[in-house]
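Here's the letter readout for the chains.
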Amino acid sequence: MSVRLLSFLSAALLAATLGFHPVSADAQQRKNSTASPPAPKSAASVEGISEHVLANGLRVLLFPDAAKPTTTVNITYLVGSRHENYGETGMAHLLEHLLFKGTPTHPDIPGEMKKRGVSYNATTWLDRTNYFGSFNANPEVLDWMLALEADRMMNSFVARKDLDSEMTVVRNEMESGENDPIRVLLARISSGAYLWHNYANSTIGARADVENMPIERLQAFYRSFYRPDNATVLVAGRFEPESTLRQINETFGRIARPAGDVPVTYTREPVQDGERSVVVRRVGDAQFLGTHYHMPAGPHPDSAAVQVLASILGDTPTGRLHKALVESQQATFVAALFYLLSEPGGMTFLAQLPKTVDIEATAARLIELVEQAQSTPFTAAEVEDAKLRLQKGFELTFNDSSRLAYSLSESIAQGDWRLFSLQRDRIEKVTVDDVARVASAYLKASNRTLAKFIPTETPDRAEIPAAPSVAEALKDFVGREALAEGEVFDPSPANIEARTSDAKLSNGTQLILLPKSNRGETVSVSLNFRFAAEGDLRNRAEAAGIAASMLSRGTAKLSREAISRRLDELKSQLNVGGGAQGISANITSTREHLPAVMDLLAEMLKTPSFPESEFEQLRTQYIAGIEERMSEPESISSNELARHFSRYERGHPRYVATFAEQLEDIRAVTLQQVRDFHAEFYGAGFGEIAVVGDFDAEAFAAQAEALFGSWTTDKPFVRIAEPFQPVEAVSRSSETPDKANAVIQIRAEFAMNDSHPDYAALTIGNSIFGGGGMKSRLADRVRQTEGLSYSVGARFTADAQDDKASLGMFAIAAPENIAKVETAIREELARILKDGIADDEFKDAVEGVLQSRQLSRSQDASLAGQLRFARYLGRDMQWAADLESRIAGLSKADVEDAMRRNFGDLQISVFTAGDFAKVAP
């Protein structure tokens, strides 16, 4: 008898082989050694990252970056869906969920994280699982995080009761993915592309496996793979390396290496011997195509050329597929996905099509463009542009220690963290001939998953070569010189305000400048120019939105492709957006390249060309997006909710249109209306430019004056006020056939702004009730205890200028559980108002909110946005300091009283959407 999945020993035999014994639902602790652990051994050191190996096999990576005011701890286990046995699909992901359910020493991990202001999460993928947390640099929190990870490596409950409560949550997460046509299509492509290898399986697993998972098999899986010799701990950011290594050795080093070896997988996918096809038929309003081709593993040298090939074909807007399919309006978007995996994986090409396009003809055209790509020779310019785009990604990652910490999990999963840097160097050496060779070798009809099987006497097959050993690939690799570190920066409001200078351009535009030394000399810019009054904008919202979206699609001198290429050359990111009353831009760049990016931004804002072909392409994309949302539960309920609370008539810039009205309006707008809107409204004078990071403040101010000081709008900005107005409480339900997941959104509005005496208390109250992520009253009951929803929470907001506030509650769930979720939300709100809050949850909420606010100021892009918006409101950082002082000075009674005053008699409206017709009465 043969099975499709990997052949491992049975759970019981595996437990016995490794020297483990079955445990009860209350999971016995695996004992740590009492002996002092031997000193770690130093291993590789590359580009500022040092590797150390503990006596028990744990690998440790230390990446100190004193300029980063935060610390990130990331632990990667070499276990993912690839390691699951028959009947165990989804086990790695399910175990990831259960490791937040606690240990005897840490019974409430989400609560303990929240108390310390840790921003945390975990992910499961094909080859690995990782757990990570970032927090304001603090040696005590770092020691606590390391102790926690060492504890749950060995002593997590993995209990029957937790599996039962989490089952519905995971099922709900599974159902939310079933609502996404792209995720469904990707899962079907993988299942069709692989006959035997576990890369065929979605990480979330098969529903039957997840629902029937024996706890004993899950416990055995935990013991098999959660062990020091199968893990890598990485610490990045601001910390003291020597003491941190000692602490890691003291906590993790006392864990004994289990008897026996970590189980290994040995299944290899045979060479594909003909075209394969898969068809998904579901309710929806958009068409999608996908083709998959088997490719070498990440460590194989060919993977670099394959990455470049994917960029040449799949990039937007420079890629061949975009030019051939999107610009001709056969598709609304295209993409090429290539994942660097431990074992041979694949490249997938995706396309979204308008409803009116012939999917069979477009499929044939897509296949032709991919499999005959080398018939149009690749050019040196194409290859260099693709390499620039990829190199920009490497550089942006290296400049951010937190981002690099997460990215290295993928390289660790491939076999060694240094593969990340090696891949960067390999990409730099890729030639035109390399790209042509891999295209010819792998983009073959017999290696494709899309079309029907066709017999042939002379099969042309793509042989996937075995990757060399990682040790061989790295034997001569030394890496590059580590980037210079930046300054140690204190993100307190007082220090930020002391370091910030203000100026004005000739036309009144405000400049907010905060120069500081950063790793990689990075800098962030947040810009907003405002214009127009309410009377200027009637029936012009669509033209305004398209005008903003068209700014990056061509200027008088540069095409859309040239703009994209220029940003790659400058190794910078520039995002431009806007609407009826303003235009905004956000920049991530470096000291060297910021002046050139600012010149490019000015050219985009002041001299857009508005090409007709790009206008039609964008409008088609808008229409496809609207049509897709018309059948999605969350989009439908959000639209119904927004329309209920809107008081504006059609034509007003803040009117909330139905989907049908959106389609009508977008089809009616003309290119001339878009051009007229730009000519009539755009300009500076009412707005702000905030800059935070490594830059010359005096030079930037002079450049901003030259670029924007005399560029003034002819339509002065007059803010459209939106004070609170009471609305009738309603309950509305929308049917969304064939959607496995349903949505509930609850909202109430009342009069209040963020300067109100109760604002600080309600912020804490909402954190306790539903705003605390995985740790809140709603999460504890709806997710953790009753297992009804993967995502549940509450949001409290209060406007800064108008007396308008809201309390919103939301959840996703199976359609049959939506009524239970609504009941639970209402009961928890009534309970917290009646019974009040506990001392510990009050204390944890205050500490968590204050830590979260400080964490947000430690990120330059976030801080630039905060400074810019504060100046728009006429505030400085003292306002933030005062708010935090009020939060710190609250008592439990203050919060309880404020919640009862403001939340006690709310007029609540409920909006649901789902496939309720299938639910039995």
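The structure we're discussing is the one just above.
Residues numbered from 1 in each chain as written. Predicted model: local features only at pLDDT ≥ 70, side-chain atom pairs only at ≥ 80, totals over all residues. Heavy atoms only, no water.

Q: How should the overall build of the protein chain be read in this particular structure?
A: When helices and strands are counted, the protein chain shows 33 helices and 23 strands. Relative to the compact-globule value of 29 Å for 921 residues, the protein chain shows a C-alpha radius of gyration of 28 Å, a close match. Considered along the principal axes of its C-alpha atoms, the protein chain spans approximately 75 × 70 × 65 Å. Taking as baseline every contact in the protein chain between residues at least 6 positions apart, the subset at least 24 positions apart corresponds to 83%. Only carbon and sulfur atoms are counted for the fraction: they give 50% of the accessible area of the protein chain, which is about 36100 Å². Here the protein chain holds 98 positive side-chain charges and 124 negative ones, and the gap between their average locations is 1 Å. (Helix = DSSP H or I, 4+ residues; strand = E, 2+ residues; numbered from the N terminus. Rg over C-alpha atoms; globule rule 2.2 N^0.38 Å. Contact = heavy atoms within 4.5 Å. Areas by Shrake-Rupley, 256 points an atom, 1.4 Å probe, with all protein chains shown as cover. Lys, Arg positive; Asp, Glu negative; His and termini not counted. Charge placed at Lys NZ, Arg CZ, Asp CG, Glu CD.)

Q: I would appreciate a short explanation of the packing of helix 19 (residues 541-550) against helix 25 (residues 671-681) in the present structure.
A: When two helices pack together, you describe them by how their axes are tilted relative to each other and by the distance separating the axes. Packing of helix 19 against helix 25 brings their axes to within 8 Å, and their N-to-C directions diverge by 80°. In terms of axis orientation, helix 19 runs roughly perpendicular to helix 25. For the pair helix 19 and helix 25, the contacting residues are Ala543, Ala544, Ile546 and Ala547 in the first and Gln673, Val674 and Phe677 in the second. Residue composition of the contact of helix 19 with helix 25, by class: 6 nonpolar, 1 polar and no charged. (Axes fitted to C-alpha atoms, helices over the stretch in contact; angles between N-to-C directions. Parallel < 35°, antiparallel > 145°, perpendicular 65-115°, else oblique. Nonpolar A, V, L, I, M, F, W, Y, C, P; charged D, E, K, R; others polar.)

Q: Please clarify how the packing of helix 29 (residues 818-835) against helix 33 (residues 892-903) should be interpreted in this entry.
A: Here helix 29 crosses helix 33 at 130°, and the two axes come no closer than 9 Å. Relative to helix 33, helix 29 is oriented oblique. Here the hand of the crossing between helix 29 and helix 33 comes out left-handed. Residues Ile832, Leu833, Lys834 and Asp835 of helix 29 touch helix 33, and the partners they reach there are Met899, Arg900 and Phe903. Here the residues of the contact of helix 29 with helix 33 sort into 4 nonpolar, no polar and 3 charged. (Left-handed = near helix turned anticlockwise from the far one by under 90°.)

Q: Looking at this structure, I do not really get the layout of surface pockets. What am I missing?
A: If a probe the size of a water molecule is rolled over the atoms, the empty space left behind becomes visible. Quantified by volume, the second largest pocket comes out at close to 1300 Å³. Taken together, 43 residues line the second largest pocket, and the ones lying closest to its centre are Ser311, Asp315, Arg389, Leu390 and Gly393. Looking at the lining of the second largest pocket, the elements with two or more residues in it are helix 10 (302-314), strand 10 (333-338), helix 13 (380-398), helix 14 (401-414), helix 15 (419-428), helix 19, helix 20 (560-569) and strand 16 (573-579). Across the lining of the second largest pocket, the residue classes break down as 19 nonpolar, 17 polar and 7 charged. (1 Å grid on protein atoms, 1.4 Å probe; cavity = no way out; pocket = protein on both sides within 12 Å on 5 of 7 lines; lining within 4 Å. Points joined across faces, edges and corners; volume = space filled by probe spheres on them.)

Q: Even after reading the chapter, I still don't get the environment of glycine 687, so can you show me in this structure?
A: Among the structural elements, glycine 687 can be located in strand 18 (residues 687-693). On the basis of relative accessible area, glycine 687 is assigned to the buried category, the value being 7%. For glycine 687 and asparagine 528, which are 159 residues apart along the polypeptide, the C-alpha to C-alpha distance reads 5.4 Å. Filtering out sequence-adjacent residues up to four positions away, glycine 687 remains in contact with Thr509, Gln510, Asn528, Phe529 and Arg530. (Buried < 20%, exposed > 50% of the residue type's maximum accessible area, 1.4 Å probe, protein only.)

Q: Any chance you could explain the sheet that holds strand 19 (residues 731-735) here in plain terms?
A: Hydrogen bonds between backbone groups are what pair the strands of a sheet, and the pairing can be parallel or antiparallel. Here we have 5 strands laid out as an open sheet, ordered 19-23-20-22-21, and mixed in their pairing. Each edge of the sheet is formed by a strand with only one pairing partner; in this case those strands are strand 19 and strand 21 (792-798). The average angle at which neighbouring strand axes cross in this sheet is 15°, direction not considered. Inspection of the sheet shows strand 21 paired to strand 22 (residues 805-813) by 7 bridges, in the antiparallel sense. Looking at the pairing, glycine 793 lines up with phenylalanine 810 of strand 22. (Pairing = 2+ DSSP bridges.)

Q: Looking at this structure, I do not really get the side chain of asparagine 817. What am I missing?
A: Among the secondary structure elements, asparagine 817 is positioned in the loop between strand 22 and helix 29. Judged by its relative accessible area of 9%, asparagine 817 is buried.

Q: Teacher, can you tell me more about the sheet that holds strand 4 (residues 70-77) here?
A: Strand order in the open sheet formed by 7 strands is 1-2-3-7-4-6-5, with mixed pairing between adjacent strands. Each edge of the sheet is formed by a strand with only one pairing partner; in this case those strands are strand 1 (41-46) and strand 5 (119-124). Neighbour to neighbour, the strand axes of the sheet diverge by 15° on average, direction disregarded. Strand direction decides the pairing type here: strand 4 and strand 7 (residues 231-237), joined by 7 bridges, are antiparallel. By the bridge assignment for strand 7, threonine 72 is matched with alanine 236. Helix 9 (residues 241-251) contacts strand 2 (49-53), strand 3 (59-64) and strand 7 of the sheet and is inclined by roughly 155° relative to strand 3. Along the sheet, helix 14 makes contact with strand 2, strand 3, strand 4, strand 6 (129-136) and strand 7, crossing strand 4 at roughly 10°.

Q: Just to check I follow, could you spell out the packing of aromatic side chains for this structure?
A: Here the distance between the centres and the angle between the planes together describe a pair of aromatic rings. Evaluation of the coordinates by the stated rule reveals 28 aromatic pairs. Residues phenylalanine 394 and phenylalanine 420 carry aromatic rings whose centres are separated by 5.2 Å and whose planes lie at 70° to one another, so their mutual orientation is edge-to-face. Residue phenylalanine 394 is located in helix 13, and its partner phenylalanine 420 is located in helix 15; the two are separated by 26 residues in the primary sequence. A single burial state applies to phenylalanine 394 and to phenylalanine 420, both of which are buried. Note on phenylalanine 869 and tyrosine 872: the rings are 5.9 Å apart at their centroids and 40° apart in plane angle, and the pair reads as tilted. With a gap of 3 residues between them, phenylalanine 869 and tyrosine 872 both fall in helix 31 (residues 860-872), about one helical turn apart. Among the residues examined, phenylalanine 869 registers a relative accessible area of 37% and is labelled partly exposed. (Phe/Tyr/Trp six-rings, centres within 6.5 Å; stacked < 30°, edge-to-face > 60°.)

Q: How should I be thinking about the pairing of strand 13 (residues 501-504) in this particular structure?
A: Note on strand geometry: in a regular strand, side chains alternate between the two faces of the sheet. Note: strand 13 against strand 14 (residues 510-515), 4 bridges, orientation antiparallel. For serine 501, the partnering residue across the bridge sits in strand 14 and is leucine 513. The antiparallel hairpin formed by strand 13 and strand 14 contains 5 residues in its connecting segment, where glycine 508 sits at a positive phi of about 100°.

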